[in-house]
Amino acid sequence: MEVVIVKDAKAGGELIAGAIADLLARKPDALLGVATGSTPLPIYDALIAKVRGGVDASRARICQLDEYVGLPAGHPESYRATVLRQVVEPLGLPAEQFMGPDGSAEDVQAACSAYDKALAEAGGVDLQILGIGTDGHIGFNEPCSSLASRTRIKTLIEQTRIDNARFFDDDIEQVPHHVITQGIGTILDARHLVLLATGEGKAEAVAQTVEGPVASLVPASALQLHPHATVVVDEAAASKLKLADYFRHAFENKPGWQGI
């Protein structure tokens, strides 16, 4: 696992967008897994700016990490609508280059299996962007999720619903209780995992993810098992890392051609 400590969220977004641009140069039809929430917005802003500046993303494919269950089709806070609004449309991509699970399906379990199969049939995710919850969750894999889990329905813990209420007029009653999420095993299938964390509130989760034991109690710690996982954190989110000085030294002395 590589840990990169950056000045702030904007610098983190620039770094990750640069890695995506490099990937698209090598593989124009790369499948990019995107996360929602406020943390990854600097990545998307930087990537959109690069595309407007000449980076060709016209063949890129986009896939969702998760989706609420039970929101009406077209609900503005569904993750499908959010990804379309924040990523797909600004990049100028057609709808057929976007895929996600069906959170409004009558048979939600079948929809989960269908999405796992669709990701495999698409050749797998080339780069998956991840955020991290204050409790260490990735996607909606809450603490004690199986590290081998596949795409499935999950019940949200109350803290996650509280954290997400800001997207629903600060009304927790509007936040669904269930979601479809890529499982940890599904996430680990991606060729490159990139986790961005910013702010002091994420510091403890980051420390447990990077320096703690691999444990289902901290789902993000499963990234330690991946052959190409990059954790990008700002100074505040890095504040509880014991090896922060080493991580800074390693990145500063890394060959420029190596990327992240």
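Look above for the structure.
Residues numbered from 1 in each chain as written. Predicted model: local features only at pLDDT ≥ 70, side-chain atom pairs only at ≥ 80, totals over all residues. Heavy atoms only, no water.

**Q** Report on the pattern of salt bridges, specifying residues and quantitative values.
**A** Considering all chains together, one arrives at ten salt bridges under this definition. The partner of Asp126 in a salt bridge is Arg191, and the shortest N-O contact between them spans 3.0 Å. One end of the pair, Asp126, is in the loop between helix H4 (108-121) and strand S6 (127-130); the other, Arg191, is in the loop between helix H6 (184-188) and strand S9 (192-197), and 65 residues separate them in sequence. Assessed through its relative accessible area of 6%, Asp126 is described here as buried. Note on Arg191: relative accessible area 43%, which makes it partly exposed. (Salt bridge = Lys/Arg side-chain N within 4 Å of Asp/Glu carboxyl O. Helix = DSSP H or I, 4+ residues; strand = E, 2+ residues; numbered from the N terminus. Buried < 20%, exposed > 50% of the residue type's maximum accessible area, 1.4 Å probe, protein only.)

**Q** How would you explain the nonpolar core if you had to name every residue and give the values?
**A** Of all hydrophobic cores here, the largest spans 62 residues; its most connected members are Ile20, Ile62, Leu195, Val233 and Leu241. Ignoring sequence-local partners within four residues, the contact set of Leu195 consists of Leu130, Gly131, Ile132, Ile138, Ala220, Leu223, Thr230, Val231 and Val232. Residues Tyr68, Leu71, Leu156 and Val179 belong to the second largest nonpolar core, which totals nine residues. (Core = buried A, V, L, I, M, F, W, Y, C linked by side-chain atoms within 4.5 Å. Contact = heavy atoms within 4.5 Å.)

**Q** I'd love a proper account of the side chain of Arg152, names of residues and values included.
**A** Assignment of secondary structure puts Arg152 in strand S7 (residues 152-155). For the buried Arg152, no salt bridge exists, and the shortest N-O distance to an oppositely charged side chain is 8.7 Å, to Asp116. Of the polar contacts made by the side chain of Arg152, one reaches the side chain of Ser145; its length is 3.3 Å. Sequence-distant contacts of Arg152, defined by excluding residues within four places in its chain, comprise Cys112, Asn141, Ser145, Val179, Ile180, Thr181, Gln182, Gly183 and Ile184. (Lys, Arg positive; Asp, Glu negative; His and termini not counted. Polar contact = N/O pair within 3.5 Å; in protein donor to acceptor, adjacent residues only side chain to side chain.)

**Q** Go over the environment of Ile43, please, and point to the residues and values.
**A** In this fold, Ile43 is placed in helix H2 (residues 41-52). Among all residues touching Ile43, those that are not within four sequence positions of it are Gly13, Ile16, Ala17, Ile20, Ile129 and Leu196.

**Q** Tell me about the sheet that holds strand S10 (residues 229-234), and please be specific about residues and values.
**A** The sheet built from seven strands is open, its strands ordered S1-S10-S9-S6-S2-S3-S5 with parallel pairing. A strand with exactly one partner marks an edge of an open sheet, and here the two such strands are strand S1 (2-6) and strand S5 (98-99). The pairing of S6 with S9 spans four bridges and is parallel. Looking across to S9, one finds that Gln128 is bridged to Leu193. (Pairing = 2+ DSSP bridges.)

**Q** How would you explain H2 if you had to name every residue and give the values?
**A** Between its terminal C-alpha atoms H2 stretches 17 Å, which fits the 16 Å expected from twelve residues at 1.5 Å a residue. Turning to H2, its buried residues are Ile43, Tyr44, Ala46, Leu47 and Ile48. Looking at the buried residues of H2, the elements they touch are helix H1 (9-26), strand S2 (31-34), helix H3 (79-88), S6 and S9. (Expected span 1.5 Å × (residues − 1).)

**Q** Explain unusual backbone geometry to me, and be specific about the residues and the numbers.
**A** Its identity as a non-glycine residue notwithstanding, Asp169 has a phi of 55°, on the positive side. When you line up the elements, Asp169 lands in the loop between helix H5 (158-164) and strand S8 (178-181). Of the residues examined, Asp169 reaches a relative accessible area of 67% and is grouped as exposed. In the Ramachandran plot, Asp170 falls in the positive-phi region, its phi being about 60° despite a non-glycine side chain. With respect to the helices, strands and loops of the structure, Asp170 is situated in the loop between H5 and S8.

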